[in-house]
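# A structural walkthrough
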Amino acid sequence: HFVSVEDPLPAGFEPVDLRFQTEDGRGVTRNTFDYVEQRDDRIFASSQRLRPGIHELFYLARATTVGSFQAPPSYVEEMYRPALDGRGSAAVVVIRP
């Protein structure tokens, strides 16, 4: 119940807001989360109730800067029981021209 997910974007990326219909949204699957918010540096999603199983958060991000960047791990927790949490793994992302 009341699960939140934060997925920090690596430097060199920006989220693409598909609500404005200015980008091609093909291939972006509907999320099972009640609420998804795109911030400049991360994607935040929450749901009042998630059924047991695997849930995926889909979004589109655009590479804006050439370079090698550290992608921080994503983080999930039950909002009113923060002892129930989990963290993904970090990665290195390389953007080439």
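As shown above, the structure is provided for reference.
Throughout what follows, the structure given in this document is the object of discussion. (Residues numbered from 1 in each chain as written. Predicted model: local features only at pLDDT ≥ 70, side-chain atom pairs only at ≥ 80, totals over all residues. Heavy atoms only, no water.)

### Here's the deal with the sheet that holds strand β1 (residues 3-8)
Selection rule: Pairing between two strands requires that DSSP report at least two bridges joining them. In DSSP terms, a helix is any run of H or I states spanning at least four residues, a strand is any run of E spanning at least two, and both are numbered starting from the N terminus. Axis lines are fitted to C-alpha atoms, over the contacting stretch for helices. Their N-to-C directions set the angle, which ranges from 0 to 180 degrees.
Strand order in the open sheet made by the five strands is β3-β4-β1-β7-β8, with antiparallel pairing throughout. Across the chains shown, the open sheet's two edge strands, defined by having one partner strand only, are β3 (35-38) and β8 (81-87). The mean inter-strand angle of the sheet, taken between neighbouring strand axes irrespective of direction, is 15°. Bridge analysis of β1 against strand β7 (residues 75-78) gives four bridges, and the strand direction is antiparallel. Bridge pairing in β7 places E6 opposite Y75.

### Quick notes on the side chain of E77
Worth spelling out the cut-off: Between buried and exposed lies partly exposed: a residue is buried under 20% and exposed over 50% of the maximum accessible area for its type, with that area taken using a 1.4 Å probe on protein chains only. Think of it this way: Lys and Arg go in the positive column, Asp and Glu in the negative one, and His and the chain ends go nowhere. A pair is scored as a salt bridge if a Lys or Arg side-chain nitrogen falls within 4 Å of a carboxyl oxygen belonging to Asp or Glu. Whenever two N or O atoms come within 3.5 Å, that pair is a polar contact, provided that in protein one can donate a hydrogen and the other can accept it, and provided that, for residues adjacent in sequence, both atoms are side-chain atoms. Residue contacts are defined here by distance: any two heavy atoms, one from each residue, within 4.5 Å place the two residues in contact.
Following the sequence through the fold, E77 ends up in strand β7. In this structure, E77 is buried with no salt-bridge partner, the nearest side chain bearing the opposite charge being R87 at 8.0 Å. At 3.1 Å, the side chain of E77 forms a polar contact with the side chain of Y75. Once residues within four sequence positions are removed from consideration, E77 is found in contact with F2, V3, S4, P82, L84 and D85.

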